[in-house]
Structure formats: structure tokens, C-alpha cells
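Chain by chain, the residues run as shown.
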Amino acid sequence: MMHHRDKAPPFSCFAIFFLAYCQKTTTATKMISRIKYGKIFTSSSTRLQLSHFSTNAELHALSKKMPSFKDSLAASRIGLNPQSNRFHAPIVYHEHYSFSDWPDNHTFPMKKFKQTFHSLTTTCSKTSDSSSLPRPLVRQEVDFYRPLDFTDLPLSWFAKPTGPIDANFLDRFLSRQLNPEQCRIIGFREQTHKPQLITRTVLEVAGTVLTSQLAFRYGIASNVAGGTHHAHPTGGSGYTILNDLAVAANFLTNEKLNGGTVMGVRRVLVIDCDVHQGDGTAKFKDLHKDGRLSTLSIHCESNFPQLKANSTFDIGLKDNCGDDEYLRILETSVETALAEVDPDFVLYDAGVDVYEKDKLGRLRITETGIRRRDRWVLDKCVSLGIPVAAVIGGGYDKSLEKLAMRHSIVHEECAYVWRKHKLWLRQ
């Protein structure tokens, strides 16, 4: 059943925060002194502590500056030229989406992003019986677009008043000061304070911002991460800390913030097909109230979170829902949301935890069903002339190889739509 709610919008101090707090050595302070943002920040031998930055006049003024873009994109490396690429749509990846210092028995598969990269660059009919591709989807790492590095990211994209995230929460996360209860709710507990986790959390959001810019320019693009839909304005939850979908929607609809790299986007629709409700995205009330963000969440009703939020459209599925029923409900609900919202842009969360054997799923969707879902949603958006940026969302499996193959589906289907519509010709 569909529930509709009435519709009611470069900062290198990221590096300063976590370097100052995670290391107490002279080396760390020397590293901090070399970080630049318009002008040089210098530091003494004592730890640099920056708190309550949203009310600090100097830092707030700096946060309004734009980073240095490559080709008008928030990228540290430009990937394969889409206008000469007839095989796949632009794909965004950063090698620090994953890191190795992670408990092997942790429910969250931190290494899945690297494994998905590996799948995209190696899987084809010659290497896998399940693939029909004549060659790997992506030939080499430099063909991926790479988001801005941690030290080059603007705080203004993230923190209020220009961003959608509470400045105090962001401050405490970056400076490793979240309390144990906040870390427990996030799900990472003592791992939350790891510098590598802080870095990859921020990079993941940056990747979705870049993916959105690419989709706006070329019609479709995908990120090998993203979909952190449980994170809300004042905190994290369910293995997500900073909501990339909300940050991207805010970026897309604020031409001053995005430096005019995206123009004319007034309404963003999130189509969230993760098995869990996108409760965090639904809680960005300022964006919803302004009409800049609408959310369609198609999820398993009995699954996490127990207490559901109010999305613009909520579709709660019964346990054990199979392919045919799922796809019928999907098509009806997406068409309704597109008609009512009339979005200028779509963010698509292609979570594969709907899979029948997913550890945290409860639905009975096959890999063929996931592929049919992704193809239909992506093709629907492009056919209507709506740019669409895809993120991978959730997925849980003891076999990283099998999980990565499922996460690769959305990128393969972006490639299918890219070829079908010859989007390399898009002006």
C-alpha cells in the first residue's frame, strides 16, 4: 500500500579534524600545517581543535568557497571520455571506499566496494559463466571518475547552514567525539573512530555528488558506493553516518553551492529500492518542506527500522515477496511518484539486499529480478528525459565475490541504457 505525505532545500578542515584527533605526534601537526584552503592554516606543536565551526566567522566564510574543479566536475581524476565511450556510462570509484583494517566477522562488508571494483574490471564471458559481456565492463582503473580527495572537500556541501547535516554532529564525527551510544546506533561501535572509516565515509558522499554531476551532464551515471539512507540530519544509524542522497539533493538544487555546475534542478526524487526503509532520507525536513526532495521507499515492511519514518511515498512489502509481485508494485509506485513529483533529477538506490539469500533481506527476489528492476527504473528515467544517478545501497553476503557480482548489476544496466539511448551523443 502506498502512503503519500503532503509536500510541504573547499574545505580542507576535514583533514585537520581527524589528523589532529587521531594522532598526537609532531608528524601529525607537521602534516596539518601543510593543508591548504585558499590560504595556509598553520599549527603549533599542540593539537589543533576546531569546534563549533558553524558559528566561527572565519571558518564559515572559508566554507563558502568552491573547490578547484576539473572540467567543471568535483573530480580529482577525469575518467574515460563519455563522448567517445560507447560501452558504459560514467562510473565513479575511489580506492579508499574500502580499507583492510576491518573485523572479518563484522556484519557490514567493508571490503565489498573494492571487490565490486574488481568485478567490474575482470568479469566477462571469458572469466565467468554467468556473464554475457564480451569484455569486462571497465577496462582499467583510470576509466573510473575519481571524486575529490578528503583534503579537498568543501564543508559547505555537508554542514548547515549551506549543507543539510547538523554542524555539531558533523564536528563530533570528524573529531572522533561521538559517544558510545551514538556509535552503537550507527552500528560500527568502536570502529567508528577509525581514521580510515572517517575518510571513506566522506569520500562516499563526495562520490555521489560527482555521480550526480555526471548524470546531469550525460543523462546517467553510477557510483560504486553510496545509498547511506539511514543517516539523518543529526546522527547516523544502520551502518550509515552521513547521508549521501540528502547531500547530493541539496547540492543539485542549490546553484550557488554547486557553482553553477548544475542548473535548473528544482525537484529531486529519491527512488529507494533497498530492502530497508530509507528512514534517514525522509527526515531531512528542510529539503522536503522546500519541495526540493521527495522520497519513494520500496522496502520490506517488517525489516529495519522497526519504527518507520514518513517518506513522501512508502511501499511496505510483505515478507517473501517474489519477483513478479515485486516488479508489478515497483512499476506502479515509480510511475505514480514520477507523475506526482515531476522531478528534474532522480537519485536511485539500487540496494541488492532484496536478494532471496541476503543475510538481512526477508524478500525472495532473484538476481534476474534485481536486473529487471534496475533496467526498468533506469530506462524509465532516461526515456522521460530525467537524469538519473545510481548508488549501490545495501547488500550482505559471506561471499564478497558473489555480493560484488550483484552490486555490479546496476552498473551493467546503466551501461545497457547508455547503449540503448546512445547517450554518448547527448549534448
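In this text, all values refer to a predicted model and were calculated from it rather than measured experimentally.

**Student:** Honestly, the overall build of the protein in this entry has me stumped. Any pointers?
**Tutor:** Counting secondary structure elements, the protein contains 13 helices and 12 strands. Relative to its full complement of 427 residues, the protein shows a buried share of 59%. Summed over all atoms, the accessible surface of the protein reaches about 17100 Å², with 48% contributed by carbon and sulfur.

**Student:** Just to check I follow, could you spell out the nonpolar core for this structure?
**Tutor:** What tends to happen in soluble globular proteins is that the nonpolar side chains get buried as a cluster. Trp157, Ile220, Leu242, Tyr326 and Tyr348 are the most contacted members of the largest nonpolar core, which has 123 residues in total. Tallying contributions element by element places helix 7 (residues 195-218) first for this core, with 11 residues. Apart from residues lying up to four places away in sequence, Ile220 is in contact with Ala89, Pro90, Ala215, Leu378, Val382, Val388, Cys414, Val417, Trp418 and Leu423.

**Student:** Looking at this model, I keep getting lost on the packing of helix 11 (residues 323-341) against helix 12 (residues 367-383). Mind explaining?
**Tutor:** Helix-helix packing: each pair is described by the crossing angle between the helix axes and the interaxial distance. Interhelical geometry of helix 11 versus helix 12 gives an angle of 15 degrees and a closest axis separation of 10 Å. Between helix 11 and helix 12, the crossing angle belongs to the class labelled roughly parallel. Read as a crossing pair, helix 11 and helix 12 show a hand that is right-handed. Of the residues in helix 12, those in contact with Asp323, Asp324, Tyr326, Leu327, Leu330, Glu331, Val334, Glu335 and Leu338 of helix 11 are Gly369, Arg372, Arg373, Trp376, Val377 and Lys380. Its residues assigned to classes, the contact of helix 11 with helix 12 shows 7 nonpolar, 1 polar and 7 charged.

**Student:** I tried to follow the environment of Gly219 on my own but got confused; where do I start?
**Tutor:** Structurally, Gly219 can be placed in the loop between helix 7 and strand 7 (220-223). Classification of Gly219 as buried rests on a relative accessible area of 4%. Here the alpha-carbon distance between Gly219 and Pro387, two residues 168 residues apart in the chain, equals 4.5 Å. When residues no more than four places from it in sequence are discounted, the contact partners of Gly219 are Leu214, Val382, Ile386, Pro387, Val388 and Arg426.

**Student:** I tried to follow the pairing of strand 10 (residues 313-317) on my own but got confused; where do I start?
**Tutor:** Within a regular strand, the side chains alternate between the two sheet faces. Most of strand 10 is tucked away: 4 of the 5 residues are buried. For strand 9 (residues 293-300) and strand 10, the ladder comprises 5 bridges, and the chain directions are parallel. Across the sheet, Cys300 pairs through a bridge with Leu317, a residue of strand 10.

**Student:** Just checking my understanding: could you explain the pairing of strand 8 (residues 268-272) for this structure?
**Tutor:** In terms of burial, strand 8 is largely enclosed, as 5 of its 5 residues are buried. The two faces of strand 8 match: Val268, Val270 and Asp272 on one face and Leu269 and Ile271 on the other face are all buried. Pairing between strand 8 and strand 11 (residues 345-349): 5 bridges, direction parallel. Its bridge partner lying in strand 11, Val270 is registered against Leu347.

**Student:** Teacher, can you tell me more about the pattern of salt bridges here?
**Tutor:** Working definition: two side chains of opposite charge can pair if their charged atoms are close together. Under the criterion given, the structure shown has 20 salt bridges. Here Asp342 makes a salt bridge to Arg267, at a shortest N to O gap of 3.5 Å. One end of the pair, Asp342, is in the loop between helix 11 and strand 11; the other, Arg267, is in the loop between helix 8 (244-252) and strand 8, and 75 residues separate them in sequence. In this structure, Lys380 and Glu335 form a salt bridge, with 3.4 Å as the shortest nitrogen-oxygen distance. Of this pair, Lys380 sits in helix 12 while Glu335 sits in helix 11, and the two are 45 residues apart along the sequence. Connected via shared salt-bridge partners are Arg371, Arg375, Glu412 and Glu413.

**Student:** Would you explain the packing of helix 12 against helix 13 (residues 400-420) in this entry?
**Tutor:** Contact geometry for helix 12 and helix 13: axes closest at 9 Å, N-to-C directions at 40 degrees. Compared by their axis directions, helix 12 and helix 13 come out oblique. Crossing of helix 12 over helix 13 shows right-handed handedness. Here Glu367, Ile370, Arg371, Asp374, Arg375, Leu378, Asp379 and Val382 of helix 12 lie close against helix 13, whose contacting residues are Arg406, Ile409, Val410, Glu412, Glu413, Cys414, Tyr416, Val417 and Lys420.

**Student:** Got a minute to help me understand helix 4 (residues 112-122) in this structure?
**Tutor:** Because an α-helix completes one turn every 3.6 residues, residues spaced three or four positions apart along the sequence face the same direction. Listed as buried for helix 4 are Lys112, Phe113, Thr116, Phe117, Ser119, Leu120 and Thr121. Summarising the contacts, the buried residues of helix 4 are in contact with helix 7 and helix 13.

**Student:** Hey, could you run me through unusual backbone geometry in this one?
**Tutor:** With omega at 15 degrees, the peptide bond leading from Lys160 into Pro161 counts as cis. Mapped onto the elements of the fold, Pro161 is located in the loop between strand 6 (146-147) and helix 5 (167-174). Geometrically, the link from Phe304 to Pro305 is a cis peptide bond, its omega value of -5 degrees lying close to zero. Mapped onto the secondary structure, Pro305 falls in the loop between strand 9 and strand 10. Phi at Asn320 is positive, roughly 70 degrees, even though this residue is not glycine.

**Student:** Any chance you could explain the confidence of the model for the protein here in plain terms?
**Tutor:** Low pLDDT marks stretches whose predicted atomic positions should not be read closely. Summarising the model, the protein shows a mean pLDDT of 87, and 84% of its residues fall at 70 or more. Confidence drops under a pLDDT of 50 for residues 5-12, and excluding neighbours within four residues, the segment shows 39 contacts in the predicted structure. Contacts of residues 18-65 to residues separated by more than four positions or lying in other chains number 81 contacts, the stretch itself having pLDDT below 50.

**Student:** Is there a simple way to explain helix 7 in this structure?
**Tutor:** When the terminal C-alpha atoms of helix 7 are compared, their 34 Å separation across 24 residues agrees well with the 34 Å that a helix rising 1.5 Å per residue should span. Most of helix 7 sits out of view: 20 of its 24 residues are buried.

What counts, and at which threshold
- Residues numbered from 1 in each chain as written.
- Predicted model: local features only at pLDDT ≥ 70, side-chain atom pairs only at ≥ 80, totals over all residues.
- Heavy atoms only, no water.
- Helix = DSSP H or I, 4+ residues; strand = E, 2+ residues; numbered from the N terminus.
- Buried < 20%, exposed > 50% of the residue type's maximum accessible area, 1.4 Å probe, protein only.
- Areas by Shrake-Rupley, 256 points an atom, 1.4 Å probe, with all protein chains shown as cover.
- Core = buried A, V, L, I, M, F, W, Y, C linked by side-chain atoms within 4.5 Å.
- Contact = heavy atoms within 4.5 Å.
- Axes fitted to C-alpha atoms, helices over the stretch in contact; angles between N-to-C directions.
- Parallel < 35°, antiparallel > 145°, perpendicular 65-115°, else oblique.
- Left-handed = near helix turned anticlockwise from the far one by under 90°.
- Nonpolar A, V, L, I, M, F, W, Y, C, P; charged D, E, K, R; others polar.
- Pairing = 2+ DSSP bridges.
- Salt bridge = Lys/Arg side-chain N within 4 Å of Asp/Glu carboxyl O.
- pLDDT = per-residue confidence, 0-100.
- Expected span 1.5 Å × (residues − 1).

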